[in-house]
Amino acid sequence: MTQRSEALRPALFAGLGVTVAMVALSILSAFFGFIASTVYSLGRLGGGYLSDGLNPYDLRGLIIAFFTVQLAMGLGVFLSLWLIAPIRPAATILQVVLRSLLAAAVGSVVVLVLSLFVNLTQLVIAGGLTPGVGGFWSFASSLIAAFSTATGALVTAIPLAVLAGLGIVLWRARARLTEPPIVG
Amino acid sequence: MSQATARVTASLSKNLRRRGALPAFLTALGTGLFLTVQSLLGALVSLIGVQQATSGLYELDYTSVAIQGALVTLLVTALPFVFGMFVSLWILAPIADELALRFVIARGILAGVIGSLLVFITSIVLVLVGVFEASGSFITSTFPWPSVESGLADVLMSLSMALSYLVHLLPVVILAAVLLWHWLRTHDREHSVSGILDEV
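Cut-off values and rules
Every chain's residues receive numbers from 1 upward, in the order its sequence appears when written. By the order in which they are written, chains take letters starting at A while ligands take numbers starting at 1. At least 70 in pLDDT is required for a residue's local features to be given in this predicted model, at least 80 for side-chain atom pairs to be given and counted, and no such filter applies to totals for whole chains, interfaces and linings, which use all residues. Secondary structure elements are defined from DSSP: runs of H or I of at least 4 residues count as helices, runs of E of at least 2 residues count as strands, and each element is numbered from the N terminus. Working definition of burial: number of other C-beta atoms within 10 Å of the residue's own, with buried at 20 or more, exposed at 12 or fewer, and partly exposed in between, all C-beta atoms being placed from the backbone. For the purpose of contact definition, each residue receives a C-beta atom placed from its backbone, and two residues are in contact when these atoms lie within 7 Å. Each axis is a line fitted through C-alpha atoms, and for a helix only the stretch in contact is used; angles between axes span 0 to 180 degrees, taken between their N-to-C directions. Angle categories: roughly parallel below 35 degrees, roughly antiparallel above 145, roughly perpendicular from 65 to 115, and oblique for all the rest. Left-handed is the label given to a crossing in which the near helix is rotated counterclockwise from the far helix by less than a right angle, and right-handed is the label when the rotation is clockwise. Three classes are used, and their members are as follows: Ala, Val, Leu, Ile, Met, Phe, Trp, Tyr, Cys and Pro are nonpolar, Asp, Glu, Lys and Arg are charged, and the others, Gly among them, are polar. The nonpolar core is taken to be a set of buried Ala, Val, Leu, Ile, Met, Phe, Trp, Tyr and Cys residues joined by way of C-beta atoms within 7 Å.

For the rest of this paragraph, the subject is the overall build of chain B. A count of helices and strands for chain B gives six helices and zero strands. Beginning at the N terminus, the succession of helices and strands in chain B can be written as α-α-α-α-α-α. For chain B, buried positions account for 32% of its 200 residues. Within chain B, residue pairs in contact and separated by at least 24 positions form 85% of the contacts whose partners lie at least 6 positions apart.

In structure tokens form, the structure reads like this:
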């Protein structure tokens, strides 16, 4: 119980760090993607297809992606580093890397489940989940899309999770150094 | 002219004799392997999606298309990036065990910037090759020359692609630098390393 409560704060920081970093990366990627498409439109198409900024559909997609990818990955990393495989103070670098990889894998499972849930909900709302072959293919398509999202999130999150794990180790080492000496 | 050449040669030979090429090479190699796995995984996932979505519709060989796409991406982006990273970690700003963590992260970011600069240059070279392949020989061709707008768009597209690649790979490069730093702290080196940045 004590070990778990000791692991709570570093795990929380790690999960939060992974989420914030993934959001920052996604915003920067979207920004460069927008610049690229604008430049392409201006240079090649004479500005005929110039995008007029972010439309509500894009914004909805970004919000859904925040909850199903970035926040879900952070949640998985937090849960794994808190409850499943916390990083002990005496952990070796290999253990830190492996536990961080496990945290990223747990995060990607959470992403898979949430993405599948959102995809199926959208499918049901659109009336696409019908009994028969058509419904089966729609379900398979949702599953593959969720798997693809989870794999992409895993690849992005692996270096971030390992950096978070190393951050925990370095943070603890620094905290030990700044502790006041025991005087008897 | 000959003095300048001699100076460049001397500087080049001095820099090529710098110690610490192996750790920098192994770090860049590790990053390259990660990028290869990432690229192939991406190709595999897109392949599954395409196969499922278009099963029986077309007679295209999606496997070879996806693998070719992944290989081209690796050649024109990952390879220059990893080479730039290697050069930076070896000659420009090597990582030593006595550095503080913030400087290690800064040098990792610098390695990423140099890598993405090489990606940008490669992309520009490929655009130029494409232009001259389309319009004939460099010497004899007079028409059709690319317009200024189109050329500028290509340059800006390449720049935006290189910056996007840098953003995408920044965590990987920083992680590689931190892992190298940690390894150097736990293993004694017989010689000290210094780069161009340390001598400025």
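The next thing to look at is the packing of helix α3 (residues 93–125) of chain A against helix α4 (residues 133–178) of chain A. When two helices pack together, you describe them by how their axes are tilted relative to each other and by the distance separating the axes. Residues and elements named next belong to chain A. α4 packs onto α3 with a crossing angle of 150° between their chain directions and a minimal axis gap of 6 Å. Our classification of the angle between α3 and α4 gives roughly antiparallel. Remark: the crossing between α3 and α4 carries right-handed chirality. Grouping the constituent residues of the contact of α3 with α4 by class yields 25 nonpolar, nine polar and one charged.

The subject of this paragraph is the interface of chain B and chain A. Listed by partner, the interface residues are 26 residues for chain B and 26 residues for chain A. Elements with a minimum of two residues in the side of chain B that touches chain A: α2 (21–53) and α5 (148–186) of chain B. With 18 residues, α5(B) is the largest single contributor of residues to the side of chain B that touches chain A. For the side of chain B that touches chain A, the class distribution of residues is 17 nonpolar, eight polar and one charged.

Bringing the nonpolar core into the picture now. Counting residues in hydrophobic clusters, the biggest one holds 71 residues, and the most contacted among them are A:Val18, A:Val77, A:Ala157, A:Ala161 and B:Ala177. Where this core is concerned, the elements lending two or more residues are α1 (2–44), α2 (56–84), α3 and α4 of chain A together with α2, α3 (62–92), α4 (101–135) and α5 of chain B. Examining the composition of this core, we find that 16 residues originate from one element, α5(B), more than from any other. Ignoring any residue separated from it by four or fewer positions in sequence, one finds A:Ala161 in contact with A:Val18, A:Val77, A:Ser100, A:Ala103 and A:Ala104.

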